[in-house]
Amino acid sequence: MSETYDFLFKFLVIGNAGTGKSCLLHQFIEKKFKDDSNHTIGVEFGSKIINVGGKYVKLQIWDTAGQERFRSVRRSYYRGAAGALLVYDITSQETYNALTNWLTDARMLGSQNIVIILCGNKKDLDTDREVTFLEASRFAQENELMFLETSALTGENVEEAFVQCARKILNKIESGELDPERVGAGIQYGDAALRQLRSPRRAQAPSAQECGC
Ligand code: GDP
Ligand code: MG
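Each chain has its residues counted from 1, running along the sequence as written. The naming scheme follows written order: chains are lettered A onward, ligands numbered 1 onward. Local features in a predicted model are, by the rule used here, given only for residues with pLDDT of at least 70; side-chain atom pairs are given and counted only at 80 or more, and totals for whole chains, interfaces and linings are based on all residues. Heavy atoms throughout the structure, all of them, feed into the side-chain values; hydrogens and water do not.

Put simply, the rule is: UniProt positions are given in the numbering used here, feature names are shortened, and annotations may be inferred rather than shown by experiment.
For the protein chain, the name recorded in an unreviewed UniProt entry is Ras-related protein Rab-4, with Capra hircus as its organism. The annotation that UniProt attaches to the protein chain under Catalytic activity (unreviewed entry) is "GTP + H2O = GDP + phosphate + H(+)". Under Sequence similarities (unreviewed entry), UniProt gives the following word-for-word description of the protein chain: "Belongs to the small GTPase superfamily. Rab family."

With respect to the overall build of the protein chain
Under the convention used in this document: Put simply, DSSP marks the helices as runs of H or I at least four residues long and the strands as runs of E at least two long, and each gets a number from the N terminus on. With a 1.4 Å probe rolled over the protein chains alone, any residue whose accessible area is under 20% of its type maximum counts as buried; one over 50% counts as exposed, and the rest are partly exposed. Note on definitions: a residue-residue contact is assigned when non-hydrogen atoms from the two residues lie within 4.5 Å. Where accessible areas are quoted, they stem from the Shrake-Rupley method and a 1.4 Å probe; at the residue level, only the protein chains shown are allowed to cover.
Of regular secondary structure, the protein chain possesses seven helices and seven strands. Listed N to C, the secondary structure of the protein chain is β-α-β-β-α-β-α-α-β-α-β-α-β-α in terms of helices and strands. A total of 213 residues make up the protein chain; the buried ones form 46% of that total. Contacts spanning at least 24 positions in sequence make up 74% of the contacts within the protein chain whose residues lie at least 6 apart. Looking at the protein chain as shown, the accessible area adds up to about 11900 Å², and 48% of this sits on carbon and sulfur atoms.

Focus: the packing of aromatic side chains
Put simply, the test is: A pair of aromatic rings is counted whenever rings of Phe, Tyr or Trp (Trp by its six-membered ring) have centres within 6.5 Å, and the orientation is called stacked for planes under 30 degrees apart, edge-to-face for over 60 and tilted otherwise.
A complete count under the given rule lists eight aromatic pairs for this structure. Considering the side-chain rings of Phe7 and Tyr189, the 5.5 Å spacing of their centres and the 35° angle between planes classify their relative orientation as tilted. Of this pair, Phe7 sits in strand E1 (residues 7-14) while Tyr189 sits in strand E7 (residues 187-189), and the two are 182 residues apart along the sequence. On the basis of relative accessible area, Phe7 is assigned to the buried category, the value being 8%. Given a relative accessible area of 26%, Tyr189 falls into the partly exposed group. Each ring, one from Phe11 and one from Phe162, has its centre 6.4 Å from the other, and the planes form 20°; the classification is stacked. With Phe11 in strand E1 and Phe162 in helix H6 (residues 158-175), this pair connects stretches of sequence that are 151 residues apart. Its relative accessible area of 0% is what places Phe11 among the buried residues. Assessed through its relative accessible area of 1%, Phe162 is described here as buried.

A look at the confidence of the model for the protein chain
The following threshold applies: pLDDT is defined as a per-residue confidence score from the predictor, taking values between 0 and 100.
A residue-level look at the protein chain finds 83% of positions with pLDDT of 70 or above and a mean pLDDT of 85. pLDDT under 50 marks residues 201-213. Its contacts with residues more than four places away, or in other chains, come to zero contacts.

Topic: H6
Our working definition: Every helix has an expected span of 1.5 Å times one less than the residues it contains.
With 18 residues, H6 extends 26 Å between its outermost C-alpha atoms, agreeing within 8% with the 26 Å of an ideal straight helix rising 1.5 Å per residue. By the burial criterion, the buried members of H6 are Val158, Ala161, Phe162, Val163, Cys165, Ala166, Ile169, Leu170, Lys172 and Ile173. Of the residues trailing H6, Gly176 is marked for its positive phi of about 90°.

Some details on the pairing of E1
Going by this rule: In short, DSSP must find at least two bridges between two strands for them to pair.
In terms of burial, E1 is a largely internal element, eight of the eight residues being buried. In E1, alternate side chains face the same way, and those of Phe7, Phe9, Phe11 and Val13 on one face and Leu8, Lys10, Leu12 and Ile14 on the other are all buried. As defined by bridge partners, E1 adjoins E7 across three bridges and the pair is classed as antiparallel. For Leu8, the partnering residue across the bridge sits in E7 and is Gln188. Note that E1 and strand E4 (residues 83-89) share four bridges and pair parallel. The residue bridging Val13 from the neighbouring strand is Leu85, located in E4.

Set out below in structure tokens:
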């Protein structure tokens, strides 16, 4: 398979332990639910190329791998991330209450323009719900986050969460709001984009200085 892509984005999956971060990453990469019998040490890292509106984007995704409690390890983890999935569990008010702390860390320690999508995971467990959709969507709006309810079990909205976050980053690049070349932006050009950049550009209108008239 070709490894050609236009951009590479560094992504994080953050939120309390037990909210389903590792399962979301596994579902996104493998397209199946990671069942509990698989007790291998957490996957710390996964990558996948997605097509977003005709652009190929390689997502390089980091999982906390069970280190959620250790605040000291987080600084290096956040450095230079372009996007993040901020995960809570819809059946646990406690994980929802913790969102503000996670958000503060991500905004303080992540890249300036980090794009965050809030994911209310375990959508399949609606009967045990402790956090309403409305409440969470208000929180998302107030904090300028995108928002989806997901299920790593059924796969519902899992791919969408990653794709929507990547699309927003691409939009910001295209509008000039985000400079991919800024150190720490969590973005790199891939081979495909570099080839385009190197190809001869169309003749540009002469600037005022060059114009002899
Ligand atoms: P992490 O600590 O945030 O990485 O959470 P895990 O991915 O290890 O998942 C914690 C527990 O929640 C495990 O028992 C999973 O099987 C379960 N789980 C994760 N996602 C879902 C989901 O979408 N639905 C249901 N029903 N269970 C889930
Ligand atoms: Mg985990």
